[in-house]
Amino acid sequence: MKKISDPKQVDSWLKKANIKDCFSTPNLGFFIYKYDKGEQITSPERKLEDILFVVEGAIRIYGLRDNGTISPVNQQNAPIVIGDMEFAERGNPAFFTEAVTDVTCIALPVSPYEQQLHADVRFLHVLLHSYAEKLRFFAFVDAPAGTIQERVLLYLQNICPAHELNGIEAAVLQLRCSRRQLQRALQKLCADGQVEKIGKGRYKLLPPIE
């Protein structure tokens with residue numbers, strides 16, 4: 001992990017990701033964390049001292065079972081907020097987070113600004129949106145679906161931005177199925193005219209035929 005405090009680089013990323021639009025509190029001191037592929041970003045054993053805005057790259061979220069094996073939770077591409085739940089609960093992260101690719105985060109240390117952040121309505125709205133996205137995902141995970149095809153349709157309808165699946169690996173993790181099962185389901189949905197392949201590993205939900 002590399003920490004960057006250079007004001008020019010920090011300001012460039014803040015503008016690129018529109019991070020200042022997430023706050024009404026002025027004069028916040030941000031910095032940058034850069035993680036290499038495979039590096040651990042958060043751990044339940046380590047208190048998270050910052051709010052992290054993932055602005056580039058993909059992350060994998062997972063837990064560890066009692067026998068030491070990995071329990072996958074989710075995989076997401078930027079933009080993502082890490083530390084929202086910890087800010088509200090003042091606890092350690094519930095899961096491990098790992099960089100699937102090289103990852104860039106804009107970081108804001110919580111401790112110096114905690115009082116202001118709790119009164120910053122714009123920032124609190126950003127956290128509410130982040131909470132809602134997480135709740136939506138976990139509600140989807142628990143939603144009953146009779147077949148893999150039905151699960152893929154629910155995923156495209158309720159989870160994927162713009163109703164587009166972009167990346168087989170992340171979808172396999174989120175759908176709790178094998179790559180073969182997912183590919184078969186997508187082929188069937190394409191043949192039925194419910195889904196269209198729009199690129200390598202990319203599929204779009206089609207509107208119902210009237």
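About the criteria used
- Residues numbered from 1 in each chain as written.
- Predicted model: local features only at pLDDT ≥ 70, side-chain atom pairs only at ≥ 80, totals over all residues.
- Heavy atoms only, no water.
- Pairing = 2+ DSSP bridges.
- Helix = DSSP H or I, 4+ residues; strand = E, 2+ residues; numbered from the N terminus.
- Axes fitted to C-alpha atoms, helices over the stretch in contact; angles between N-to-C directions.
- Core = buried A, V, L, I, M, F, W, Y, C linked by side-chain atoms within 4.5 Å.
- Buried < 20%, exposed > 50% of the residue type's maximum accessible area, 1.4 Å probe, protein only.
- Contact = heavy atoms within 4.5 Å.
- 1 Å grid on protein atoms, 1.4 Å probe; cavity = no way out; pocket = protein on both sides within 12 Å on 5 of 7 lines; lining within 4 Å.
- Points joined across faces, edges and corners; volume = space filled by probe spheres on them.
- Nonpolar A, V, L, I, M, F, W, Y, C, P; charged D, E, K, R; others polar.
- Salt bridge = Lys/Arg side-chain N within 4 Å of Asp/Glu carboxyl O.
- Parallel < 35°, antiparallel > 145°, perpendicular 65-115°, else oblique.
- Left-handed = near helix turned anticlockwise from the far one by under 90°.

Examining the sheet that holds strand β12 (residues 202-205)
Ordered by their spatial adjacency, 3 strands build an open sheet running β10-β12-β11, and the pairing between neighbours is antiparallel. The open sheet has two edge strands with one neighbour each: β10 (164-166) and β11 (195-199). Recorded for the sheet is a direction-independent mean angle of 25° between the axes of neighbouring strands. By the bridge criterion, 3 bridges tie β10 to β12 in an arrangement that is antiparallel. Across the sheet, Leu165 pairs through a bridge with Tyr203, a residue of β12.

Quick look at the nonpolar core
In this structure, Phe23, Phe30, Phe53 and Ile106 are the most contacted members of the largest nonpolar core, which totals 23 residues. Secondary-structure elements contributing two or more residues to this core are α1 (7-17), β4 (50-56), β9 (103-109) and α4 (121-142). The greatest single-element share of this core, amounting to 4 residues, is contributed by α4. The contact partners of Phe53, leaving out residues within four places of it in the chain, are Ile19, Cys22, Phe23, Ile80, Val81, Thr104, Cys105, Ile106 and Val126.

Considerations on the layout of surface pockets
Taken as a whole, the largest pocket encloses approximately 1400 Å³ of empty space. If you list the elements that add at least two residues to the lining of the largest pocket, you get β4, β5 (58-64), β6 (70-77), β7 (80-82), α2 (84-89), α4, β10 and α6 (168-175). The element that contributes the greatest number of residues to the lining of the largest pocket is α4, accounting for 10 residues. Considering only residue class, the lining of the largest pocket consists of 30 nonpolar, 13 polar and 7 charged.

A few points about the pattern of salt bridges
Applying the stated criterion to the full structure yields 8 salt bridges. A salt bridge links Asp11 to Lys20; the nearest nitrogen and oxygen atoms lie 3.9 Å apart. Put simply, Asp192 and Lys188 hold a salt bridge, and the shortest N to O gap is 2.8 Å. Via salt bridges that share partners, Asp11, Lys15 and Lys20 belong to a single interconnected network.

Some thoughts on the pairing of β5
Extensive coverage of β5 is indicated by the burial of 5 of its 7 residues. Pairing analysis gives 4 bridges linking β5 to strand β8 (residues 96-99), with the strands arranged antiparallel. Paired with Arg60 across the two strands is Glu98, which belongs to β8.

Looking at the environment of Glu196
Relative to the helices and strands, Glu196 is located in strand β11. Of the residues examined, Glu196 reaches a relative accessible area of 38% and is grouped as partly exposed. Between the C-alpha atoms of Glu196 and Lys34, which are 162 residues apart in sequence, the distance is 36 Å. Apart from residues no more than four positions distant in its own chain, Glu196 is found in contact with Cys190, Arg202, Tyr203, Lys204 and Leu206.

Considerations on the packing of helix α5 (residues 148-158) against α6
At their nearest, the axes of α5 and α6 sit 11 Å apart, and the two run at 110° to each other. Here α5 is positioned roughly perpendicular relative to α6, judged by the angle of their axes. In the crossing of α5 with α6, the sense of the turn from one axis to the other is right-handed. Across the interface between the two elements, Arg151, Val152 and Tyr155 of α5 pack against Ala171, Gln174 and Leu175 of α6. Taken together, the residues of the contact of α5 with α6 break down into 4 nonpolar, 1 polar and 1 charged.

Let's talk about the sheet that holds strand β2 (residues 31-35)
Taken in spatial order, the 5 strands of this open sheet run β1-β2-β9-β4-β7, and their pairing is antiparallel. The open sheet has two edge strands with one neighbour each: β1 (2-4) and β7. If you compare each strand with its neighbour and ignore which way they point, the axes differ by 25° on average. In this structure, β1 lies alongside β2, joined through 3 bridges in antiparallel fashion. Paired with Ile4 across the bridge in β2 is Ile32.

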